[in-house]
Amino acid sequence: MRTKAIKKILVFTDLDGSLLNHYNYSWKDAVPALTRLYKNSYPVIFTSSKTSAEIQQIRQEMGNIHPCISENGAVVNIPCAYFEAGLCDENESNSDSYLFAKPYEEIIAVLAALRDEYQFVFRGFNDIQLDELVALTELSEEQAKLSKQREASEPLLWKDTDDALEYFGELLKKEDLIITKGGRFYHVMSDINKGESINWLFKKYQEMEPDTDWITIGLGDSYNDIEMLESVDYPVLITNPGTKQPELSDINTVYKTRLPGPQGWNEAVIEILDKIV
């Protein structure tokens, strides 16, 4: 007789405006839910437009030991020997990095060529000096430096018209690139998204524990979270009064929080855990 599968939960979460407060980047209001997840050894996987370097700092602060997805799905980092032994042996890194997109240098070259030819008005992280980036994002100088360590995407401040933006997007497609709207910036990158990387990583968990009944929760607040929310069993749209949010009418199971940021994150996770555990 086949034994009943063990039920485990995987949490994929956006950071800015979701697990992290949109204004001061604090996650303290989510501590009750995080504590409950950690006590049950349920992985919390940061899935963000932030860089791997930024996420690594946050993981260290929060004691998170799990894989992470950075730059809107373009990069997946898996800690050494997380799924199997013997990885990372040939480098000094504490994780294996998987790139699913064009490298940053190629993206910057495309953007420079388009701006020169069509006179589009925009500025990317490659153009913005550190002190201005600190002022724009309210990050510390150290955090801003980490945000500029990009591997596969470029955030933009778009200063041109909506019509120009639409045409810009068409030109990017010809270069196998897309532009997507985040909480503060537009992001130019390869045609990859959080959902695709989540599905790739989820298969790793299934292969590691094939008899486990994995249940997925996804939490995000913006347009670049849509594919993530479409990929999970329990999608959560975090209220964010500071930005325009997707309707998500096609996802009839979506949970919309009453509270914003980490307060809403805490609210949703606890309610879902009470329901399924």
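Attention here is on the structure that accompanies the text. (Residues numbered from 1 in each chain as written. Predicted model: local features only at pLDDT ≥ 70, side-chain atom pairs only at ≥ 80, totals over all residues. Heavy atoms only, no water.)

Describing the packing of aromatic side chains
Defined as follows: Any two of the Phe, Tyr and Trp rings considered here, Trp counted by its six-membered ring, make a pair once their centres fall within 6.5 Å; the pair's planes then place it as stacked at under 30 degrees, edge-to-face at over 60, or tilted in between. For every residue, the accessible area obtained with a 1.4 Å probe (protein chains only) is divided by the maximum for its type, and the residue is called buried under 20%, exposed over 50%, and partly exposed between those limits. Here a helix means four or more residues in a row that DSSP labels H or I, a strand means two or more in a row labelled E, and each is numbered from the N terminus. Two conditions define a charge sitting above a ring: the NZ of Lys or the CZ of Arg must be within 6 Å of the ring centre, and it must be within 35 degrees of the ring normal.
Counted according to the given criterion, the structure contains 15 aromatic pairs. On the numbers, 4.9 Å between centres and 90° between planes, the contact of Tyr 82 with Phe 83 is edge-to-face. As far as burial versus exposure is concerned, Tyr 82 and Phe 83 are alike and both buried. Aromatic pair Phe 122 and Phe 168: ring centres 5.3 Å apart, planes at 40°, arrangement tilted. Residue Phe 122 is found in strand β6 (residues 122–124), and its partner Phe 168 is found in helix α6 (residues 162–174); the two are separated by 46 residues along the sequence. Both residues of the pair, Phe 122 and Phe 168, count as buried. Ring-pair connections join several aromatic residues into one group, and the members of that group are Tyr 118, Phe 120, Phe 122, Trp 158, Tyr 167 and Phe 168. In this arrangement the basic side chain of Arg 115 is found over the ring face of Phe 122, its NZ or CZ atom lying 4.6 Å from the centre. For the cation-ring pair, Lys 181 lies above Tyr 186, with the distance from its terminal atom to the ring centre recorded as 5.4 Å.

Points about the side chain of Ser 70
The condition is simple: In this analysis, two residues are considered to be in contact whenever any of their non-hydrogen atoms come within 4.5 Å of each other.
Mapped onto the elements, Ser 70 comes out in strand β3 (residues 68–70). Given the relative accessible area of 0%, Ser 70 is considered buried. Ignoring sequence-local partners within four residues, the contact set of Ser 70 consists of Ser 48, Lys 50, Thr 51, Ser 52, Ile 55, Val 75 and Asn 77.

Remarks on the sheet that holds β3
Inclusion rule: Strands qualify as paired when DSSP identifies two bridges or more between them. Between N-to-C directions, angles span 0 to 180 degrees; the directions come from axes that are lines fitted to C-alpha atoms, helices contributing only their stretch in contact.
In spatial order, the strands read β3-β4-β5; together these three strands make up an open sheet with antiparallel pairing. At either margin of the open sheet sits one strand with a lone partner, and together these are β3 and β5 (95–99). Strand-to-strand twist of the sheet, defined as the mean angle between neighbouring strand axes without regard to direction, takes the value 20°. The pairing of strand β4 (residues 75–79) with β5 spans five bridges and is classified as antiparallel. Paired with Asn 77 across the strands is Ser 97, a residue of β5.

Observations regarding the pairing of strand β9 (residues 186–190)
Of all five residues that make up β9, four are buried, and the element is covered over most of its length. Bridge analysis of strand β7 (residues 153–158) against β9 gives four bridges, and the strand direction is antiparallel. If you follow Leu 156 over to β9, its bridge partner there is Tyr 186. Note that strand β8 (residues 177–181) and β9 share five bridges and pair antiparallel. In the strand pairing of β9, Leu 177 is matched with Ser 190. Where β8 hands over to β9, the hairpin turn is made up of four residues, counted between the paired strands.

What about unusual backbone geometry?
Look at Ser 41: it is not a glycine, yet its phi comes out positive at around 60°. Mapped onto the elements of the fold, Ser 41 is located in the loop between α1 (31–39) and β2 (44–46). With a phi close to 60°, Asn 72 is a non-glycine residue in the positive phi region. As for its position among the elements, Asn 72 is in the loop between β3 and β4.

Considerations on the nonpolar core
Across soluble globular proteins, nonpolar side chains show a tendency to be buried alongside one another. Just so we agree on the cut-off: As used here, the term nonpolar core means buried Ala, Val, Leu, Ile, Met, Phe, Trp, Tyr and Cys residues forming a set that is joined through side-chain atoms within 4.5 Å.
By size, the foremost hydrophobic cluster in this structure holds 29 residues, and its most contacted members are Leu 19, Phe 46, Leu 219 and Trp 265. For this core, the secondary structure elements donating two or more residues are β1 (6–13), α1, β2, α2 (52–62), β10 (212–220), β11 (234–239) and α9 (261–276). If one sorts the elements of this core by residue count, α9 sits on top with six residues. Not counting residues up to four positions away in its chain, the partners in contact with Leu 219 are Val 11, Phe 12, Thr 13, Asp 14, Ser 18, Met 228, Leu 229, Val 236, Ile 238, Trp 265, Ala 268 and Val 269. Core analysis: the next-biggest nonpolar cluster, separate from the first, contains 20 residues, Ile 69, Ile 78, Tyr 82 and Val 254 among them.

Some details on the packing of α1 against α9
Condition: The labels follow the angle: roughly parallel below 35 degrees, roughly antiparallel above 145, roughly perpendicular from 65 to 115, and oblique for the rest. Here the nonpolar group is Ala, Val, Leu, Ile, Met, Phe, Trp, Tyr, Cys and Pro; Asp, Glu, Lys and Arg are the charged ones; every other residue, Gly included, is treated as polar.
The geometry of α1 relative to α9 is characterised by a closest axis approach of 8 Å and an angle of 40° between their N-to-C directions. Classified by the angle between their axes, α1 and α9 sit oblique to one another. Judged by residue contacts, Val 31, Pro 32, Ala 33, Leu 34, Arg 36 and Leu 37 of α1 engage Trp 265, Asn 266, Val 269, Ile 270, Leu 273 and Asp 274 from α9. The residue makeup of the contact of α1 with α9, split by class, is nine nonpolar, one polar and two charged.

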